[in-house]
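Single-letter residue listing:
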Amino acid sequence: SCILHEPFFGVLDYGGLHMPGPVIFSSWTSVDTDFLCDEDPALFSKHRSQTPPKTWARSGTASEFQSIDFDLHENAQFLEHRVVGGVAHLKKVMKWACVIQVGIVTALLGFGIDTVLEVFFDLQRMMRDSLITHDWQVGAQLAVHVAVCVVFASVAGFFVCFVEPLAAGSGIPEIKCALNGVEIPRIWRMRTLISKAVGVLFSVAAGLPCGKEGPMIHSGAVIGALVARNRYAPQFLDLTGTCDVSDFVISGASAGVAATFGAPVGGVLFAMEEGSAFWNPRIMLLTFVCAATSASFTNLFQTGEDMVHWGLMGGLQSHSFGHFDMHVYRCWEISIFIVVGACGGLGGAAFNAANRKLSLWRVRLGSRGFKRFCEVVVVAAIIATINFMLPVLLEGESAIQEDMARHARLFRTSGSTSTRDLFHCEEDFDSVGLLVFAVIYCVLACWTYGLGVPSGLFIPSLLTGAAFGRLLGQGLQAWSLDTLPAGVYAMIGAAAALAGMARITLSLAVILAEGSSSMSLGIPLFVTVIVARAVGNFFNRGIYDIHIGLKRLPLLEHFAESKMKRFCARDVMTKEVVALDPLIVISHLMGILSGCNHHGFPVVGLKTGRFGGMIRRSVLLRVLLCAKEYPLLLSADASFRDVTVVPYHRMKPDGRCPTLEMVRASLRPDDFDKVLDIRPYILEGGSSVTDHTSLTRVYTLFRTLGLRHLPVVNAGRVVGIITRKDLLFV
């Protein structure tokens, strides 16, 4: 049912092509006279009197999000550019160089955040210890601690509530949707990157149960997008479409994982599992180069702190989970791993359900503004009070941090430090204190995720699972069973918790194995995360998918729903189609563009209505904007045998699309009565389906090809058109 149409305008003869300057198609051979409007000038006067057709819409379904067209617009102009101009090898080399640059910049950003966080936590520790040594009362110590944490959280909340709301949360749901084909405004802007990076630094320093991992993934993706979308990129990069830009985005996301965990392979797998909707060996190699560069330079920057060991690569990195020795396990322990995974799936499902209800309540506060900022301040004050008072209650007094018991110290140290302690501490933790920490921290993490600050879910879920896993490991050893150490069970529990909440499987297991140098524990990790995902999916969806639904982002899942088998294309298609003529009067074209917000138009014959291809709105606007420089607009009685075509380098997307107001200002009053030939800019070989095509096949075409519009034809005539929104109605 997928029809690839043959060129309906006839075979183009490029013998008269001249470069540089205006491109002239000097002869059009075997052209169907149905599309040569100059043979019947009366058709133009007929169109001058017509009003633009009304756009079709369903009430109450308008969305602020638009779709992204990943399908390459291979019109005659583009194909001629490929044949004549080719692709310079230097531009191919520069693309790889820019990917490496993305990895280096992401590594530098991650190293900077790690360094500043260490300084902030050290200053807070020294401040609390100084207050104790100067015999301050516990109430005064609490007031100072809460004030500092509230100030830090206020800075993070300011960037989200008053600067850029998209900086809230981890950013992974937005990246997932953007790479799926959803155009989210402002997601790739420099302001978003600054708000995300600076905000997460202060939210983690405020002691909130959140991590920098998700925001680092978002930051890396923004860095990749900024490199590919800057105004100078087309001069030294061969970017032929949106897919090429998305390659930089997914490479930056994998670099964020590698910079955070020191796991380049895990970063590539995470990009494949959670990010990219379109995957191939070239993208895999591109993301691995970027991730490996990021991990290597992060390690290099960290060794630079000690000039004696500067340049030593492959050492223990401060952001990893530490190194585990080679461990062996009994075959019967697989059953324990399965139970741990099932518990992680149950706990993750409960966490997601509670966070969903909390997020629904937060919708009332809005995405920005003073109300959301006040919530940040209140939550930060309460969490700071809990983190300060619980160690005091467990210890019986306010003690210096180094003198605290290990379970009490978990409330004061950073999440990554606490996770490493649970993984590698040889001494047992107090079981009651560790249980209290695990329960309270899990509740606080659920309360924090979705707050108006940049916050990641990786470390909170890993730390929660590590605490419960450590309890299990200590219990098994207390029963004198020959099992793996308690620290290994802490890592198994961490994997179960994160897989139960986020439903990440393969990439999570590899990240933990790479970050802890424990590839021998690959099978236990794989078994645990698979069971946790299966159990969690039985009750609800992953936390990222839940927030995608709460934000009403039009994501297309990997596979169509089973009920789509009962429908055909004609059941969901838009029947009132706004179509264009191959030779169209400017006044009529401007009326159509101003009368609807469609981003793609079928082109049909004037007499028969036969479908000939699709043309994008952005292409039309760029052509009209170039009409002053090139003789594109002709009178109705002119000959359309010799057609002036805008050179491809002037049409290549290198920034924002021109607006309709810009185009209108560039046209003279007498231009509106002239005719524009849009044949060289039409995608003639695009995909289309018949009205009897099953909806599951339509869904597969959208999901695998990254389409934005899919024409529906019957006997060569356009009878409808399908967009992403139409599929979501089902």
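Residues numbered from 1 in each chain as written. Predicted model: local features only at pLDDT ≥ 70, side-chain atom pairs only at ≥ 80, totals over all residues. Heavy atoms only, no water.

On a plain count of helices and strands, the chain comes out with 28 helices and 15 strands. Sequence-distant contacts in the chain: of pairs separated by 6 or more residues, those separated by 24 or more amount to 78%. When the accessible area of the chain is evaluated, it comes to approximately 30100 Å², of which 61% is carbon and sulfur surface. (Helix = DSSP H or I, 4+ residues; strand = E, 2+ residues; numbered from the N terminus. Contact = heavy atoms within 4.5 Å. Areas by Shrake-Rupley, 256 points an atom, 1.4 Å probe, with all protein chains shown as cover.)

This part takes up the side chain of D677. Assignment of secondary structure puts D677 in strand β12 (residues 675–677). Within polar-contact distance, the side chain of D677 engages the side chain of R679 at 2.6 Å. (Polar contact = N/O pair within 3.5 Å; in protein donor to acceptor, adjacent residues only side chain to side chain.)

Another aspect to go through is the sheet that holds β12. If you trace the three strands from one edge of the open sheet to the other, you get β7-β12-β10, paired in antiparallel fashion. Strands with a single pairing partner mark the edges of an open sheet, and in this sheet they are β7 (583–585) and β10 (633–634). Inspection of the sheet shows β10 paired to β12 by two bridges, in the antiparallel sense. Note that in β12 the partner of L634 across the bridge is V675. Against the sheet, helix α23 (residues 586–595) contacts β7, β10 and β12, and its axis sits at roughly 80 degrees relative to β7. (Pairing = 2+ DSSP bridges. Axes fitted to C-alpha atoms, helices over the stretch in contact; angles between N-to-C directions.)

All right, on to empty space enclosed by the protein then. The final tally for this structure, using the stated rule, is four cavities of 30 Å³ or more. What the largest cavity holds in volume is close to 250 Å³. Along the wall of the largest cavity there are 25 residues; nearest its centre are G207, L208, N387, F411 and T413. Of all elements in the fold, only α3 (89–133), α4 (138–163), α6 (190–205), α13 (370–395), α15 (415–424) and α16 (431–448) reach the threshold of two or more residues within the lining of the largest cavity. Residues that form the lining of the largest cavity fall into these classes: 15 nonpolar, eight polar and two charged. (1 Å grid on protein atoms, 1.4 Å probe; cavity = no way out; pocket = protein on both sides within 12 Å on 5 of 7 lines; lining within 4 Å. Points joined across faces, edges and corners; volume = space filled by probe spheres on them. Nonpolar A, V, L, I, M, F, W, Y, C, P; charged D, E, K, R; others polar.)

Every buried residue of α15 is accounted for by G415, S418, T419, L422 and F423. The arc enclosing the buried residues of α15, seen along the axis, measures out at 140 degrees, which places them on a common side. Tucked inside the fold, the buried residues of α15 contact α16, α17 (458–478) and α18 (486–502). (Buried < 20%, exposed > 50% of the residue type's maximum accessible area, 1.4 Å probe, protein only. Arc of directions from axis to C-beta.)

Here helix α24 (residues 617–625) lies mainly inside the structure; seven of its nine residues are buried. Every buried residue of α24 is accounted for by R617, V619, L620, L621, R622, V623 and L624.

Below, the discussion takes up the packing of aromatic side chains. Tallying each qualifying case throughout the model produces 15 aromatic pairs. Each ring, one from F162 and one from F373, has its centre 5.5 Å from the other, and the planes form 55 degrees; the classification is tilted. Separated by 211 residues along the polypeptide, F162 in helix α4 and F373 in helix α13 bring together distant segments of the chain. With a relative accessible area of 17%, F373 lands in the buried category. Ring centres 5.7 Å apart and planes at 45 degrees place the aromatic pair F261 and F458 in the tilted group. Of the two residues, F261 sits in helix α9 (residues 242–261) while F458 sits in helix α17, which places them 197 residues apart along the sequence. (Phe/Tyr/Trp six-rings, centres within 6.5 Å; stacked < 30°, edge-to-face > 60°.)

Counting residues in each nonpolar core, the largest one holds 92 residues, and the members touching the most others are W188, L422, F458 and Y544. Sorting elements by how many residues they give to this core places α18 first, with 12 residues. The residues contacting F458, other than those within four sequence positions of it, are I172, E213, I217, F261, F270, L498, I504 and Y544. If you look at the next biggest cluster of nonpolar residues, it comprises 31 residues, including I584, M590, L632 and L633. (Core = buried A, V, L, I, M, F, W, Y, C linked by side-chain atoms within 4.5 Å.)

A word on the packing of α4 against α6. Close contact between α4 and α6 brings their axes to 7 Å; oriented N to C, the two are set at 155 degrees. As judged from the angle between their axes, α4 and α6 are roughly antiparallel. Crossing handedness for the pair α4 and α6: left-handed. Touching F152, A153, V155, A156, F159 and V163 of α4 are R191, S195, V198, G199, F202, S203 and A205, all from α6. Here the contact of α4 with α6 is built from residues that sort into nine nonpolar, three polar and one charged. (Parallel < 35°, antiparallel > 145°, perpendicular 65-115°, else oblique. Left-handed = near helix turned anticlockwise from the far one by under 90°.)

On the surface, L435, V439, V443 and F468 cluster together into a nonpolar patch covering about 340 Å² of accessible area. Within the element layout of this structure, F468 appears in helix α17. Of the residues examined, F468 reaches a relative accessible area of 37% and is grouped as partly exposed. (Patch = residues over 30% accessible without salt bridge, like charges linked within 9 Å, V, L, I, M, F, W, Y side chains within 5 Å. Salt bridge = Lys/Arg side-chain N within 4 Å of Asp/Glu carboxyl O.)

Here the focus is the pairing of strand β14 (residues 709–714). Among the six residues that make up β14, five are buried, leaving the element largely enclosed by the rest of the structure. In the sheet, strand β13 (residues 687–690) pairs with β14 via two bridges, with the strands oriented parallel. Within the sheet, the bridge partner assigned to V689 lies in β14 and is V712. As a crossover connection, the stretch from β13 through helix α27 (residues 695–705) into β14 is right-handed. (Right-handed = clockwise from strand over helix to strand, strands pointing away.)

Take the pairing of strand β8 (residues 600–604) next. Burial runs high along β8: five of the five residues are buried. Of the two faces of β8, the one carrying G600, P602 and V604 and the one carrying F601 and V603 are both buried. Bridge analysis of β8 against strand β9 (residues 611–616) gives five bridges, and the strand direction is antiparallel. Bridging from a neighbouring strand, V603 pairs with G613 of β9. Following β8, the chain reverses through six residues before pairing antiparallel with β9; G609 in that reversal takes a positive phi of roughly 70 degrees.

Counted according to the given criterion, the structure contains 17 salt bridges. For K212, the salt bridge identified is with D114, shortest N-O distance 3.2 Å. You can see K212 sitting in the loop between α6 and α7 (213–229) and its partner D114 sitting in helix α3, a full 98 residues away along the chain. With its nearest N and O atoms 3.8 Å apart, the salt bridge here joins E561 to K563.

With a phi angle near 75 degrees, R186 is a residue other than glycine that sits in the positive phi range. Residue placement: R186 occurs in the loop between β6 (182–183) and α6. Here R503, not a glycine, exhibits a phi torsion of approximately 60 degrees, which is positive. Relative to the helices and strands, R503 resides in the loop between α18 and α19 (506–516).

By secondary structure assignment, the location of I722 is in strand β15 (residues 717–723). Taking the relative accessible area as the measure of exposure, I722 reaches 0% and is therefore buried. On a C-alpha basis, the gap between I722 and V577 in space is 9.9 Å, while along the polypeptide they are 145 residues apart. Residues within four places of I722 in sequence aside, it is in contact with A569, V572, M573, V698, F702, R708, H709, L710, V712 and L727.

Two elements in contact, helix α5 (residues 172–180) and helix α21 (residues 543–550), have axes whose closest approach is 9 Å; the angle formed by their N-to-C orientations is 75 degrees. One way to sum up the angle between α5 and α21 is to call them roughly perpendicular. Of the residues in α21, those in contact with I172, P173, K176 and C177 of α5 are Y544, D545, H547 and I548. Grouping the amino acids of the contact of α5 with α21 by side-chain chemistry returns five nonpolar, one polar and two charged.

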